[in-house]
Amino acid sequence: MTQSVIAGIALLAIGTFAMRFAGYKLGERMPLSERARTLLADAAILLLLAVAATSTFYEAGRFAGYARLTGVGVALLLAWRKAPLIVVIIAAAVATAGMRYAGIA
C-alpha cells in the first residue's frame, strides 16, 4: 500500500513537472493573447476548485459527513477574511474535530 502511494505521488510530480515544462516550451513558440492567458489561468483555478469540492463532499463514493463540510466552511470563511494560513488550518481542524467529538460525522 505504501509503495503504491509513493508511486502515485512520484507519478503526479513527474506529470506536473512535464506539463509545466511543456507550457514553458510552448509559450516561447506559440504566442497567446492576454485573453487566452487569462482563460488558461482561470481554467487551472477551476480545476483545483473542482478537485477540492469533490474531496470535500465525497470519500470512497459516499458523502464525507457534516464534520468535514463544517471544517471546510470555517476554512473558507477565515480565508475570505484574510486570516493567516496557520489560523485557517488550526481553526478548520478544531472545528472538524469538535464536530466529530460531538458525534456528528
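One can find the structure itself at the top, above this paragraph.
Rules behind the numbers
- Residues numbered from 1 in each chain as written.
- Predicted model: local features only at pLDDT ≥ 70, side-chain atom pairs only at ≥ 80, totals over all residues.
- Heavy atoms only, no water.
- Helix = DSSP H or I, 4+ residues; strand = E, 2+ residues; numbered from the N terminus.
- Salt bridge = Lys/Arg side-chain N within 4 Å of Asp/Glu carboxyl O.
- Axes fitted to C-alpha atoms, helices over the stretch in contact; angles between N-to-C directions.
- Parallel < 35°, antiparallel > 145°, perpendicular 65-115°, else oblique.
- Contact = heavy atoms within 4.5 Å.
- Nonpolar A, V, L, I, M, F, W, Y, C, P; charged D, E, K, R; others polar.
- Expected span 1.5 Å × (residues − 1).
- Buried < 20%, exposed > 50% of the residue type's maximum accessible area, 1.4 Å probe, protein only.
- Phe/Tyr/Trp six-rings, centres within 6.5 Å; stacked < 30°, edge-to-face > 60°.

Chemist: Looking at this model, I keep getting lost on unusual backbone geometry. Mind explaining?
Modeler: If a residue is not glycine, its phi is most likely negative; likewise, a peptide bond is most likely trans. Although it is not a glycine, Ala 60 adopts a positive phi angle of roughly 55°. Here the phi dihedral of Lys 82 falls at roughly 65°; this positive angle occurs in a residue that is not glycine. Residue placement: Lys 82 occurs in the loop between helix H3 (66–80) and helix H4 (85–101).

Chemist: What is the right way to read the pattern of salt bridges from this model?
Modeler: Between side chains of opposite charge, pairing is possible as soon as their charged atoms come close. In the structure shown here, the tally under the stated rule is one salt bridge. Measuring nitrogen to oxygen at the nearest pair gives 2.4 Å for the salt bridge that ties Arg 68 to Glu 59.

Chemist: Which parts of the structure should I look at to understand the packing of helix H2 (residues 34–57) against H3?
Modeler: The N-to-C vectors of H2 and H3 enclose an angle of 140°; their axes lie 8 Å apart at closest approach. With respect to H3, the element H2 is oriented oblique. Listed contacts from H3 to Ser 55, Thr 56 and Phe 57 of H2 are Arg 68, Leu 69 and Val 72. Class assignment for the residues of the contact of H2 with H3 results in three nonpolar, two polar and one charged.

Chemist: Would you mind showing me how to read helix H1 (residues 2–29) here?
Modeler: Owing to its 3.6 residues per turn, the α-helix aligns residues three or four sequence positions apart on the same side. The terminal C-alpha atoms of H1, which comprises 28 residues, lie 41 Å apart, in line with the 40 Å expected from a rise of 1.5 Å per residue. The buried fraction of H1 amounts to zero of the 28 residues, a small share that puts the element mostly on the outside.

Chemist: Honestly, the packing of aromatic side chains in this entry has me stumped. Any pointers?
Modeler: The final tally for this structure, using the stated rule, is two aromatic pairs. Arranged with centres 6.2 Å apart and planes meeting at 15°, the rings of Phe 17 and Phe 21 form a pair that is stacked. Of this pair, Phe 17 and Phe 21 both sit in helix H1, four residues apart, roughly one helical turn. Given the relative accessible area of 59%, Phe 17 is considered exposed. Aromatic pair Phe 63 and Tyr 66: ring centres 5.1 Å apart, planes at 65°, arrangement edge-to-face. Given the relative accessible area of 43%, Phe 63 is considered partly exposed.

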